[in-house]
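Each chain, written out:
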Amino acid sequence: MRSFFLTCFFIVWVFFISACTGTSGPADIITPAKKVIERQIGDRVNGISFQQIDPVNGKETFEIEAKEGELTLRGSSVVALCYAFHIYQREACHAMTTWGGKYSESITSWPDYSLKKQTTPYEYRYFLNVCTYGYTTPYWDWARWEKEIDWMALRGVNMPLATVASEAIAERVWLQMGLTKEEIREFFTAPAHLPWHRMGNLNTWDGPLSDEWQEGQIQLQHQIINRMRELGMSPIAPAFAGFVPMAFAEKHPDIKFKHLKWGGFDDKFNAYVLPPDSPFFEEIGKRFVKEWEKEFGKNTYYLSDSFNEMELPVAKDDVEGKHKLLAQYGESIYRSITAGNPDAIWVTQGWTFGYQHSFWDKASLQALLSHVPDDKMIIIDLGNDYPKWVWGTEQTWKVHDGFYGKKWIFSYVPNFGGKTPMTGDLQMYASSSAEALQSESHGNLIGFGSAPEGLENNEVVYELLADMGWTSQAIDLDKWMPSYCMARYGAYPETMKNAWDLFRKTAYSSLYSYPRFTWQTVIPDKRRISKIDVSDDFLHGVELFLNSADSLKNSKLYVNDAIEFASYYIAAKADKLYGKALAEDAVGRSAVAQQYLNQTIDMLLNVDKLLASHPLYRLEEWVNFARNSGTTPAEKDAYEINAKRLITTWGGFQEDYAARFWSGLIKDYYIPRLKIYFSKQRGSLDNWEEEWINTPWINTTVPFDNPLDMAVELVQEVKEIRTE
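Things to note about helix 19 (residues 459–468)
Side chains three or four residues apart in an α-helix point the same way, a direct result of the helix having 3.6 residues per turn. Most of helix 19 sits out of view: 10 of its 10 residues are buried. Restricting attention to buried positions, one finds in helix 19 the residues Glu459, Val460, Val461, Tyr462, Glu463, Leu464, Leu465, Ala466, Asp467 and Met468.

Some thoughts on helix 29 (residues 707–719)
Taking 1.5 Å per residue, 13 residues should reach 18 Å; helix 29 reaches 18 Å between its end C-alpha atoms and fits that length. For helix 29, the set of buried residues is Pro707, Leu708, Met710, Ala711, Leu714, Val715 and Val718. Down the axis, helix 29 shows its buried residues gathered within 155° of arc, on one side only. Looking at the buried side of helix 29, the elements it contacts are helix 22 (536–545), helix 23 (556–586) and helix 24 (590–611).

Observations regarding the environment of Met177
Mapped onto the secondary structure, Met177 falls in the loop between helix 6 (166–176) and helix 7 (181–185). Sequence-wise, Met177 and Met603 are 426 residues apart; in three dimensions their C-alpha atoms are separated by 57 Å.

Side note on the packing of helix 23 against helix 29
Close contact between helix 23 and helix 29 brings their axes to 9 Å; oriented N to C, the two are set at 25°. In terms of orientation, helix 23 lies roughly parallel with respect to helix 29. Like other packed secondary-structure pairs, helix 23 and helix 29 cross with a definite hand, here left-handed. Only Pro707, Leu708, Ala711, Leu714, Val715, Val718 and Lys719 of helix 29 make contact with helix 23, whose side of the interface consists of Tyr558, Val559, Ala562, Ile563, Ala566, Tyr569, Ile570 and Lys573. Here the contact of helix 23 with helix 29 is composed, by residue class, of 13 nonpolar, no polar and 2 charged.

Examining the side chain of Arg528
Along the chain, the position of Arg528 falls in the loop between strand 19 (509–510) and helix 22. Buried and unpaired, Arg528 has Asp525 as its nearest opposite-charge partner, separated by 6.0 Å. Reaching out from Arg528, the side chain makes a polar contact with the side chain of Gln654 at a distance of 3.0 Å.

Observations concerning the pattern of salt bridges
Throughout the structure, instances matching the rule amount to 51 salt bridges. With a closest N to O distance of 3.3 Å, Glu65 and Arg74 form a salt bridge. Residue classification places Arg74 among the buried residues on the basis of a relative accessible area of 14%. Arg682 is the partner of Asp585 in a salt bridge, and the nearest nitrogen-oxygen pair spans 3.1 Å. With a gap of 97 residues between them, Asp585 in helix 23 and Arg682 in the loop between helix 27 (665–677) and helix 28 (685–694) connect regions that are remote in the sequence. What emerges from the salt-bridge pattern is a single network uniting Arg39, Glu146, Asp150, Arg227 and Glu230.

Section: unusual backbone geometry
Cis geometry is found at the peptide bond from Gly207 to Pro208, where omega equals 5°. Mapped onto the secondary structure, Pro208 falls in the loop between helix 8 (194–198) and helix 9 (211–230). In this structure, Phe403 takes a positive phi of about 65° despite not being glycine. The class of Phe403 is buried, set by a relative accessible area of 0%. Even without being glycine, Glu456 reaches a positive phi, approximately 65°. Topologically, Glu456 is positioned in the loop between strand 18 (444–450) and helix 19.

Section: the sheet that holds strand 8 (residues 159–160)
Spatially, the 8 strands line up as an open sheet ordered 8-7-18-16-15-14-13-9, and their pairing is parallel. The sheet is open, and its two borders are formed by strand 8 and strand 9 (236–238), each paired with just one other strand. In terms of strand pairing, strand 7 (residues 124–127) meets strand 18 through 4 bridges, oriented parallel. Its bridge partner being in strand 18, Phe127 is matched across the sheet by Ser450.

Brief notes about the sheet that holds strand 10 (residues 243–244)
Read across the open sheet, the 3 strands follow the order 10-12-11; overall the sheet is antiparallel. Strands at the two margins of the open sheet, each flanked by one partner only, are strand 10 and strand 11 (258–259). Alignment of strand 10 against strand 12 (residues 272–273), held across 2 bridges, turns out to be antiparallel. Looking at strand 12, one finds that Phe243 is bridged to Val273.

Observations regarding empty space enclosed by the protein
One pass over the structure, following the stated rule, counts 8 cavities of 30 Å³ or more. When its volume is computed, the largest cavity comes out at roughly 330 Å³. In terms of lining residues, the largest cavity is bounded by 22 residues, among which Arg198, Ala239, Phe240, Ala241 and Phe288 are the most central. Looking at the lining of the largest cavity, the elements that each hand over two or more residues are helix 6, helix 8 and helix 11 (279–296). Among the elements that take part in the lining of the largest cavity, helix 6 stands out by supplying 5 residues, more than any other. Broken down by class, the residue content of the lining of the largest cavity amounts to 15 nonpolar, 4 polar and 3 charged.

Observations regarding the layout of surface pockets
Its boundaries defined by the atoms lining it, the largest pocket holds a volume of some 760 Å³. Taken together, 37 residues make up the lining of the largest pocket; nearest its centre are Trp99, Arg144, Lys147, Glu456 and Leu616. Elements supplying a minimum of two residues to the lining of the largest pocket: helix 2 (30–41), strand 4 (96–98), strand 5 (101–103), helix 5 (142–154) and helix 25 (619–628). In terms of residue count, helix 5 provides more of the lining of the largest pocket than any other element does, 8 residues in total. Broken down by class, the residue content of the lining of the largest pocket amounts to 15 nonpolar, 9 polar and 13 charged. Estimated volume of the second largest pocket: approximately 530 Å³. Lining the second largest pocket we find 28 residues, and of these Glu309, Trp351, Tyr355, Phe416 and Tyr657 sit closest to its centre.

What counts, and where the lines are drawn
- Residues numbered from 1 in each chain as written.
- Predicted model: local features only at pLDDT ≥ 70, side-chain atom pairs only at ≥ 80, totals over all residues.
- Heavy atoms only, no water.
- Buried < 20%, exposed > 50% of the residue type's maximum accessible area, 1.4 Å probe, protein only.
- Helix = DSSP H or I, 4+ residues; strand = E, 2+ residues; numbered from the N terminus.
- Expected span 1.5 Å × (residues − 1).
- Arc of directions from axis to C-beta.
- Contact = heavy atoms within 4.5 Å.
- Axes fitted to C-alpha atoms, helices over the stretch in contact; angles between N-to-C directions.
- Parallel < 35°, antiparallel > 145°, perpendicular 65-115°, else oblique.
- Left-handed = near helix turned anticlockwise from the far one by under 90°.
- Nonpolar A, V, L, I, M, F, W, Y, C, P; charged D, E, K, R; others polar.
- Lys, Arg positive; Asp, Glu negative; His and termini not counted.
- Salt bridge = Lys/Arg side-chain N within 4 Å of Asp/Glu carboxyl O.
- Polar contact = N/O pair within 3.5 Å; in protein donor to acceptor, adjacent residues only side chain to side chain.
- Pairing = 2+ DSSP bridges.
- 1 Å grid on protein atoms, 1.4 Å probe; cavity = no way out; pocket = protein on both sides within 12 Å on 5 of 7 lines; lining within 4 Å.
- Points joined across faces, edges and corners; volume = space filled by probe spheres on them.

Pasting the structure below:
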């Protein structure tokens, strides 16, 4: 008996020591952090001293110190250590690794760096958006996901959204509820449209899914969840939100299902939602959580959104009925999640509370929250940038008194649809969350995050937002920009400073829902009005930026940005000429219109060739990911069709919503559409679009031999073209 107790004591002691020293064991944070950093810098990671320290007042903390060639990173969590390395790389080594590549000088020893200690004011740093899983990641493989999770860790993210394989789990539940596989598969959309299926906006579109897809997504989600947990992250898993297959509704005619509407789609594509008082609500929700945890292990945070961009199915003048129904839905969703896991916390997107602010008045939101315990819910106040730029309202958390005692996360949506033009309000990003923290009415604010629908664009925005997740103070952009540029390009000459001053004054002092050129929509979109800041000041900023081409030609990230900025410059000039073509066509001067159109096309063909050398802005990458996800030729074709549809016609009345500024798409989709519109075949444009989507695409764009030199040359060439 004595030896038994000694053995138990020894095991406990080993666990305690491993937690304190950071060696391998249950509390080991150093090994996974080293692996992340090793994937960035290789064996040089072995020259870094890692130490585990305690959090400060329960908040994650890091320390950086380097002297006499020795670098020491201390942190209270895996991501604290990773973010510490990211900061040291940027501020001491003037180096950066981003979506588009990396910049780094050859360093033989770690540069000196005075002791820096920093504690985040937030319990959580959130990242991703339900729609990211359509506009960016639907066909990613594990290699690409591994890079993204590393990207998150290096920026201190510890609460990512993780919705891969939702349909594979849901399928098991619906089989348990008596549906056939065929009935269930008719319910699901194709992969790129799954976010809107998950939010109850859309069913069936471009589907069904295959056995191979479902099995592959389960395997992929295991890899994603395991890595997130290894890095100490708290993933948010999907939960049941009340939407059911049509076949389930038909099998239960006694239940008064509500048939919702969204997006201009025919009724057959819209969702059926359970009434909140149906006993099926809790039963299905419970099964969903239990089935998810049976496959992926116990989880805490579950996302459920029942009314995304859809109004409650109740008479508009029935205020009492509206509030009663909202209270019932709130209670039913909460109970359906905790029935599956009593320790679970319901996470909901606050987007619709601001987007449909006339519907979600104070009493209505309070009704939804009324039967949910304060410590059992987190509201992600998704788009704090949109009240200022689009809705013309106060920020939603202010309107709703810090969300009435519930925990909430301050977030932005810097990108919609994966659109790529330069856009974002840097000054707001650098200050607004700090203002919320310092407000006496911020309520139970526990986190900061960003929820872009499209990744791999506007990298300056996400570097800034990562830093905002670790400070309670506003960031001084006049001090932050030089550090950013030195790390990104390796230099910050006066002309570059002046260029970025102009970018901050123009493109990066604006945020609109639809930053598109008119040539991307063929004719001006009257419903979703395009806005993009390509003013004379912006164009002059591009000219100044390109002045560093000779001195920074060996900097990959400078070349990337030079190609991108020059392409916008040329595309903006082309857009003005295209406007002239439309104007001349409208008054019947077709010959003159054709001349302007030809000039526009010539300029856009050069843009297409320039972007062929950019690592991110290429249709080829998007199509390759889609095709590589298929296991048969037919499946490969189907996924390519679905991927191309999302970024072009979309479906419903979403056409050109996800307009991408991509090589291949410009030459092979946008330009042919312009030609058709200005021809006798104008009426066949819709048919041509569908044919293009359904025809396997082959890249025929040949990039310039020296794209940086051509970027400079082409900007000088089009600078002289009169567009007024």
